Amino acid sequence: MSYKPSLIIYYLFSALDTIGIQIFSGILYVYLLHYHFSMMQIGTYMSMFWLISTFTEISGGIFVDKYGAMTSLVLSYCLRILGLLSLLFPLGFYGLILGSLFSGTAESFSSGTLSSWIITKAKTQNTLIASTQKIISKNAIISTLFSLIATFIGTEILYNIDKKLPLFIAVVVYSILLLLTIAIFTKEKNYLVNDNINTYKGFFDTLKELKIMIKNFINYPFIWILLLASVIVDVGPSNQWQVFFYQNNRVQGYTIVFFNLIGIFTNILLLKLSKKYQLFLENYIYQLLILDIIIILLISNQILNKDFFYLHVFVYGIIMSKIFVYLNDEFINESKKRTTILSIFYMAQSMFTSIFLLINGYLSEKIGFLNTWSIFSFCALILLFIYMLNRNKNIKRS
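My aim in this report is to walk through the structure given alongside it, one point at a time. Every residue gets a number counted from 1 within its own chain, in the order that chain's sequence is written. The predicted nature of this model means local features are confined to residues of pLDDT at least 70 and side-chain atom pairs, given and counted, to a pLDDT of 80 or more, with totals for whole chains, interfaces and linings taken over all residues. Side-chain metrics rest on all non-hydrogen atoms present in the structure, leaving aside hydrogens and water.

### What about the overall build of the protein chain?
Part 1 of the reasoning: Strands are runs of DSSP state E lasting at least two residues, helices are runs of H or I lasting at least four, and both sets are numbered from the N terminus onward. Counting its regular elements, the protein chain contains 17 helices and 2 strands.
Part 2 of the reasoning: Pairs of residues are marked as contacts when any of their non-hydrogen atoms sit within 4.5 Å. When contacts within the protein chain are restricted to residue pairs at least 6 apart in sequence, long-range pairs at least 24 apart make up 86% of them.
Part 3 of the reasoning: Residue-level accessible areas treat just the shown protein chains as cover; the underlying method is Shrake-Rupley with a 1.4 Å probe. Carbon and sulfur atoms provide 67% of the accessible area of the protein chain, an area that totals close to 18300 Å².

As structure tokens, this is what we get:
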């Protein structure tokens, strides 16, 4: 299959995957609260989801490199359906944890798979294509548009008809994705497969690479400090905004519309910016993150009203886009290892997220979620200041 039809498939699958997640994501936290799960239990569920993603991320990346996108996506969608069914028919706290096992594994077997497939395929065919930034931004615009529609319908309409209906629709969407994957990728030559890879050898080789990366942590602290601080500041807002905007016994669907419109605007802006301003954002990404942390800190202490949460969405969207572009354009040199190395990054992200979600759930139960946001933001701010001071000292010494 040539590049352009593949790009259409990439956008289609990303759109459907977005619908499958976003149709229920806007109500998940309050849905679980409705079924009498505590904030601590919800935090544990979400923590287990990311923890399981952590332990399966590297093996998931190697699995894609060895067996290809189709096999990985089929496995991912099957597990995703099982995870959704565990939410649709909750069987208590242990049933919730079992669901996190399915969903977490599904996430690790699909994260980065489609983006690696289309980028690697384009480069393999030596196609004259847009930059990675343009591919990512266009996909983000399309996904955000579908996210806007799906989340609004799921939150404002379906959830108010029947609280289980958004999850039921999600099961249907992933069933469609499963069938499409089998139909399309069966005939597709897989550009992610490397038949010469020994799966077990590849796994241990990747662990060696990871060990080297950890040993040489000081050589590239930029991406890791940025990752850690961004997870700390956003782990509360990204998971508890539903409670923050909860009014009159319902999540406000129009709030989600604003979130998604901001996402569309952010990616259009990044798409249209000249190289000069792209470099400016990359050079000042730490300052952008500090600005975002201060916004959350002021909101959580009720110095700024909740409307400023939209500014957080805008700034954080820019930060995460630039991190992903940096990973694909600067951090990864070999196409065959693209999915595996991306999996190492996602593994670290999952590990950090799982740890801080657990702490967030505990503190939210004890002192309230806004106070928890405040503590996390302050810690992220201190972390960035310490790193930047040390970096400036090293620059002066050299």
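### Regarding the environment of Pro 166
Part 1 of the reasoning: Within the secondary structure, Pro 166 sits in helix H8 (residues 165–185).
Part 2 of the reasoning: Given the relative accessible area of 0%, Pro 166 is considered buried.
Part 3 of the reasoning: Sequence-wise, Pro 166 and Thr 151 are 15 residues apart; in three dimensions their C-alpha atoms are separated by 9.2 Å.
Part 4 of the reasoning: With sequence-adjacent residues up to four places away left out, Pro 166 is seen in contact with Ile 23, Phe 24, Ile 27, Gly 154, Leu 158 and Tyr 159. Burial classes: relative accessible area under 20% of the type maximum marks a residue as buried, over 50% as exposed, and values in between as partly exposed (1.4 Å probe, protein chains only).

### Quick notes on helix H5 (residues 93–110)
Part 1 of the reasoning: Each helix should span, by expectation, one fewer than its residue count multiplied by 1.5 Å. With 18 residues, H5 should reach 26 Å at 1.5 Å per residue; the first-to-last C-alpha distance of 26 Å fits that figure.
Part 2 of the reasoning: For H5, the set of buried residues is Gly 95, Leu 96, Ile 97, Gly 99, Ser 100, Ser 103, Gly 104, Thr 105, Ala 106, Ser 108, Phe 109 and Ser 110.

### Here we look at a nonpolar patch on the surface
Part 1 of the reasoning: Patch membership is restricted to residues that have no salt bridge and whose relative accessible area is over 30%. Joining uses 9 Å for like charges and 5 Å for the nonpolar side chains Val, Leu, Ile, Met, Phe, Trp and Tyr. Any carboxyl oxygen of Asp or Glu that lies within 4 Å of a side-chain nitrogen of Lys or Arg is treated as forming a salt bridge with it. A cluster of nonpolar side chains, Leu 145, Phe 146, Ile 149, Ile 153, Ile 157 and Ile 161, forms an exposed patch at the surface whose accessible area comes to about 510 Å².
Part 2 of the reasoning: The topology assignment puts Phe 146 in helix H7 (residues 132–161).
Part 3 of the reasoning: Its relative accessible area of 34% is what places Phe 146 among the partly exposed residues.

### Observations concerning the side chain of Thr 353
Part 1 of the reasoning: Tracing the chain through its elements places Thr 353 in helix H16 (residues 338–367).
Part 2 of the reasoning: Look past the residues within four positions of Thr 353 in its chain and what remains in contact with it is Trp 50, Val 231 and Val 235.

### A few points about the packing of aromatic side chains
Part 1 of the reasoning: Aromatic pairing here means that ring centres of Phe, Tyr or Trp (its six-membered ring) are within 6.5 Å. Orientation follows from the plane angle: under 30 degrees is stacked, over 60 is edge-to-face, and everything else is tilted. Under the counting rule described, the total for this entry stands at 19 aromatic pairs.
Part 2 of the reasoning: Ring centres 5.2 Å apart and planes at 80° place the aromatic pair Trp 241 and Phe 259 in the edge-to-face group. Linking Trp 241 in helix H11 (residues 237–244) with Phe 259 in helix H12 (residues 253–272), this pair joins segments that are 18 residues apart in sequence.
Part 3 of the reasoning: Between Phe 244 and Phe 245, the ring centres sit 5.1 Å apart and the planes meet at 80°, which makes this aromatic pair edge-to-face.

### Focus on the nonpolar core
Part 1 of the reasoning: What makes a nonpolar core is a set of buried Ala, Val, Leu, Ile, Met, Phe, Trp, Tyr and Cys residues whose side-chain atoms join them at distances within 4.5 Å. Of all hydrophobic cores here, the largest spans 96 residues; its most connected members are Leu 32 and Phe 309.
Part 2 of the reasoning: Once residues within four sequence positions are removed from consideration, Phe 309 is found in contact with Pro 237, Trp 241, Phe 244, Phe 245, Phe 259, Ile 296, Ile 299 and Trp 373.
Part 3 of the reasoning: Listed in part, the 5 residues of the second largest apolar core include Ile 141, Phe 152, Val 257 and Ile 264.

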